Amino acid sequence: MPRTRRRLASTCIGTVTAGLLATGAALTAPDEDLPQGSDIAMGAYLDFGPQGVARIPTLSRWLGGKEIRVGHTYLPGDQWAGIEGNVSFLADWAAWRKDGDDRMFVLNVPMQARNEGRIPDRQVARLIREGAEGQNDAHFTKLAERLVSLGVPDTVIVLGWEMNGTTYTHRCGPDPENWKAYWKRVVNAMRAVPGQEFKFDFAPNRGTDAIGWTKCYPGDDVVDIIGMDSYDQAPGRTFDEQISQPYGLQQHVDFAKAHGKRISYPEWGLFRNGDNPEYVRRMLKWIEQHKPIYHTITDYCPHGVWQCKQNPDSSRVFREALTPQVPPVVPTPVVPTPVIPTPVVPTPVVPTPVVPTPAVPTPQVPTPSVPTPEIPKPEIPKPQVPTPAIPTPQVPTPSVPAPEVPTPAPVPSPETPSVPPLVDPTPTPAPTTPTPEVPVPPVVEPPVVEPSPTPTPEVSVPPVLPPAPSPEVSAPASPAPVPSPLVPKPQPPTPKPPTNSKQWCVPLNFGEWLSKLVGNQAVCVKLDWGKESGLWPF
């Protein structure tokens with residue numbers, strides 16, 4: 001940290017010494033294996049606790065999205081408990097660090113309690129000797145264990161920073177030799193903790209201050225980074241003087257190269273010269289040129305450029321220099337392509353041979369004809385009524401004359417068809433040939449259907465002669481029944497006779513001899529003059 005109290009500059013002895021040191025560093029060849037990272041990790045000290053963690057994203061947005069890769073804070077140096085890492089804000093910083101693999105956590109660690117207590121040199125010398133004897137090793141062992149347990153074993157430890165000045169109790173000037181021995185005790189105690197990967201940064205003030213910082217350098221075996229805190233203040237009125245002065249910026253770079261170490265700038269910023277954009281511009285250019293492993297600006301007044309509003313010009317320069325520059329899009333010149341006419345080669349017309357398409361006959365698949373089975377219509381035989389051979393019965397002529405019976409006038413009936421005149425039953429000698437006996441089935445008399453009231457056309461019908469009255473004949477002693485004519489039973493049943501049919505039953509007497517055989521029967525003759533008989537031509 002810079003001090004406001006001025007000290008007298010050393011005279012020619014210090015100047016000559018610084019020149020000799022610079023000359024010796026320049027003559028020493030740098031280590032070729034020294035890593036020279038091109039990517040510079042940038043950060044800012046924004047606050048020691050959670051507020052500092054929370055402000056990092058806002059600073060990044062202010063810088064146009066530039067990544068803030070370094071988180072930087074300080075342990076309190078008033079009591080040993082704080083130096084042991086027994087503070088809660090360490091967990092916040094550890095969580096931030098673990099959120100990004102390329103992030104870096106930088107922690108400034110005091111080497112003495114009451115580190116800013118304005119302790120006199122004689123008492124400081126005694127404390128230095130106690131540390132060199134190992135009386136404080138346990139405090140630093142606890143700190144190392146605390147950091148490993150938080151998951152940040154690769155923390156950069158800025159131990160006993162600005163040891164060449166007069167501000168802090170852990171200063172080197174009162175006893176440089178024991179101070180170097182004390183540094184080694186602290187580093188060895190922390191490296192003895194399992195799991196640690198710490199990097200120890202030796203970071204003096206720029207310039208001579210109380211003692212040349214090279215006199216306090218503890219050795220390459222216990223130093224990993226050689227840093228420098230550089231504010232805009234004397235010695236050096238201009239930035240060029242800050243570079244060339246004894247123990248200045250140039251000597252710092254040369255000394256690190258001579259020892260094969262990377263450099264850093266844990267603290268830098270404005271101070272005595274106020275808002276000085278030239279200093280900010282030159283410092284950023286110096287950083288870009290020499291590629292430190294990291295750098296962090298102290299961003300509070302009077303040093304800062306973001307949280308401190310009293311340095312607007314320096315703020316503008318800082319912001320413009322660190323905001324990622326988007327390269328302008330250079331339009332690609334459009335070179336017109338010469339249009340070369342493509343020669344038109346006539347395509348020869350090759351006549352396509354006409355290949356007749358073979359006519360493939362469509363196969364005619366015959367449709368299977370399913371023959372409809374002819375169901376024979378059952379023939380219903382018409383009942384053939386055989387005309388019975390009616391033998392003329394021999395009727396003896398009675399000796400008694402027959403009474404005269406008046407013949408009634410014939411009355412034609414429109415409903416009943418005319419019956420042809422019956423044969424005169426005059427006895428005729430019958431043939432003596434016997435008729436074979438045929439079984440007579442029972443006669444089924446169809447019901448007499450009343451004629452329809454529909455008027456029948458008048459047909460001239462010969463007059464119906466009434467049957468002649470049978471003469472009274474003395475019957476023989478045992479007259480035989482008159483046999484019925486043989487009528488076969490129709491199969492199927494006799495259909496219903498038409499309305500124009502008529503059935504006549506005539507009692508016949510076949511004589512004594514025949515009557516004994518067939519009995520006295522009545523012969524019924526069906527007379528049909530319907531349309532189906534063929535006798536109806538009208």
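Note that the structure is a prediction, hence the values are computed from the model and not measured. (Residues numbered from 1 in each chain as written. Predicted model: local features only at pLDDT ≥ 70, side-chain atom pairs only at ≥ 80, totals over all residues. Heavy atoms only, no water.)

## Regarding the overall build of the protein
When helices and strands are tallied, the protein shows twelve helices and eleven strands. If you take every contact in the protein between residues at least 6 apart in sequence, the share linking residues at least 24 apart comes to 79%. Entry remark: accessible area of the protein is about 33200 Å², with carbon and sulfur atoms responsible for 59%. (Helix = DSSP H or I, 4+ residues; strand = E, 2+ residues; numbered from the N terminus. Contact = heavy atoms within 4.5 Å. Areas by Shrake-Rupley, 256 points an atom, 1.4 Å probe, with all protein chains shown as cover.)

## Some words on the state of the cysteines
As used here, a disulfide is simply a covalent bond connecting the sulfur atoms of two cysteines. If you walk through the whole model with that rule in mind, you get two disulfides. A sulfur-sulfur distance of 2.2 Å marks the disulfide that ties Cys172 to Cys216. Taking the sign of the S-S torsion, about -100° here, the bridge from Cys172 to Cys216 comes out left-handed. A residue pair is termed long-range when its members are at least 10 positions apart, and Cys172 in the loop between strand E4 (156-159) and helix H7 (176-191) and Cys216 in the loop between strand E5 (199-202) and strand E6 (225-227) qualify at 44 residues. The class of Cys172 is buried, set by a relative accessible area of 0%. One disulfide in the model links Cys301 with Cys308; its S-S distance is 1.9 Å. Judged by the sign of its S-S torsion, about 110°, the bond between Cys301 and Cys308 is right-handed. (Disulfide = S-S within 2.5 Å. Buried < 20%, exposed > 50% of the residue type's maximum accessible area, 1.4 Å probe, protein only.)

## Thoughts on the environment of His259
In this fold, His259 is placed in the loop between helix H9 (249-258) and strand E8 (262-269). Taking the relative accessible area as the measure of exposure, His259 reaches 27% and is therefore partly exposed. Distance in space between the C-alpha atoms of His259 and Val223 is 9.8 Å, their sequence separation being 36 residues. What His259 contacts, discounting residues up to four positions off in sequence, is Tyr217, Asp220 and Ile226. A polar atom in the side chain of His259 sits 3.0 Å from the side chain of Asp220. (Polar contact = N/O pair within 3.5 Å; in protein donor to acceptor, adjacent residues only side chain to side chain.)

## Description of the pattern of salt bridges
Counted according to the given criterion, the structure contains twelve salt bridges. Here Arg69 makes a salt bridge to Asp102, at a shortest N to O gap of 3.9 Å. You can see Arg69 sitting in the loop between helix H2 (50-62) and strand E2 (70-74) and its partner Asp102 sitting in the loop between helix H4 (89-98) and strand E3 (104-109), a full 33 residues away along the chain. Classification of Arg69 by relative accessible area gives buried; the value is 14%. Of the residues examined, Asp102 reaches a relative accessible area of 34% and is grouped as partly exposed. Residue Asp154 is joined to Arg97 by a salt bridge in which the shortest nitrogen-to-oxygen separation is 2.7 Å. (Salt bridge = Lys/Arg side-chain N within 4 Å of Asp/Glu carboxyl O.)

## Here we look at the side chain of Asn164
Within the element layout of this structure, Asn164 appears in the loop between E4 and H7. The exposure class assigned to Asn164 is buried, which follows from its relative accessible area of 0%. Residue contacts for Asn164: discarding those within four places in its chain leaves Pro204, Asn205, Gly207, Thr208, Asp209, Ala210, Ile211 and Trp213.

## Side note on helix H5 (residues 121-132)
With twelve residues, H5 extends 16 Å between its outermost C-alpha atoms, agreeing within 8% with the 16 Å of an ideal straight helix rising 1.5 Å per residue. Burial in H5 covers these residues: Val124, Ala125, Leu127, Ile128, Gly131 and Ala132. On an axial view of H5, the arc spanned by its buried residues comes to 165°, and they lie on one face. Looking one or two places after H5, you find Gly134, whose phi comes out positive at around 95°. (Expected span 1.5 Å × (residues − 1). Arc of directions from axis to C-beta.)

## Describing the nonpolar core
Most often, soluble globular proteins keep nonpolar side chains buried together rather than apart. Core analysis: the biggest nonpolar cluster contains 77 residues, and Trp183, Tyr265 and Phe318 have the highest contact counts within it. Apart from residues no more than four positions distant in its own chain, Phe318 is found in contact with Met42, Trp62, Leu63, Trp268, Val280, Leu284, Ile297 and Val305. Counting residues in hydrophobic clusters, the runner-up holds 13 residues, among them Tyr74, Met104, Trp161 and Tyr294. (Core = buried A, V, L, I, M, F, W, Y, C linked by side-chain atoms within 4.5 Å.)

## Thoughts on the environment of Gly227
Along the polypeptide, Gly227 turns up in strand E6. Relative accessible area serves as the criterion here: at 0%, Gly227 is assigned to the buried category. Separated by 24 residues in sequence, Gly227 and Ala203 have C-alpha atoms that sit 4.2 Å apart. Beyond its immediate stretch of four places on either side in the chain, Gly227 contacts Asp201, Phe202, Ala203, Pro204, His252, Ser264 and Pro266.

## What about the packing of helix H6 (residues 137-149) against H7?
The packing of two helices is summarised by the inter-axis angle and the distance between the axes. Packing of H6 against H7 brings their axes to within 8 Å, and their N-to-C directions diverge by 40°. In terms of their interaxial angle, H6 and H7 are classed as oblique. The interaxial crossing formed by H6 with H7 has right-handed handedness. Of the residues in H7, those in contact with Asp137, Phe140, Thr141, Leu143 and Ala144 of H6 are Tyr182, Arg185, Val186, Ala189 and Met190. Of the residues assigned to the contact of H6 with H7, the class counts are seven nonpolar, one polar and two charged. (Axes fitted to C-alpha atoms, helices over the stretch in contact; angles between N-to-C directions. Parallel < 35°, antiparallel > 145°, perpendicular 65-115°, else oblique. Left-handed = near helix turned anticlockwise from the far one by under 90°. Nonpolar A, V, L, I, M, F, W, Y, C, P; charged D, E, K, R; others polar.)

## Some thoughts on the confidence of the model for the protein
Mean pLDDT for the protein: 74, with 54% of residues reaching 70 or above. Per-residue pLDDT stays below 50 along residues 2-38; that stretch engages in 38 contacts with residues further than four places along the chain or on separate chains. (pLDDT = per-residue confidence, 0-100.)

## Some words on the environment of Pro266
Along the chain, Pro266 falls in strand E8. Pro266 sits in the buried class, given a relative accessible area of 2%. Linking Pro266 and Tyr294, residues 28 residues apart in sequence, is a C-alpha distance of 7.4 Å. Every residue in contact with Pro266, bar those within four places of it in the chain, is listed here: His72, Asp201, Ala203, Gly227, Met228, Asp229, Tyr294 and Thr296.

## Examining the packing of H2 against H4
Closest axis-to-axis distance for the H2/H4 pair is 8 Å, and the angle between their directions is 25°. When the interaxial angle is binned, H2 and H4 end up roughly parallel. Where H2 approaches H4, its residues Pro50, Gly52, Val53 and Ile56 are matched on the opposing element by Phe89, Asp92, Trp93 and Trp96. For the contact of H2 with H4, the residue count by class is six nonpolar, one polar and one charged.

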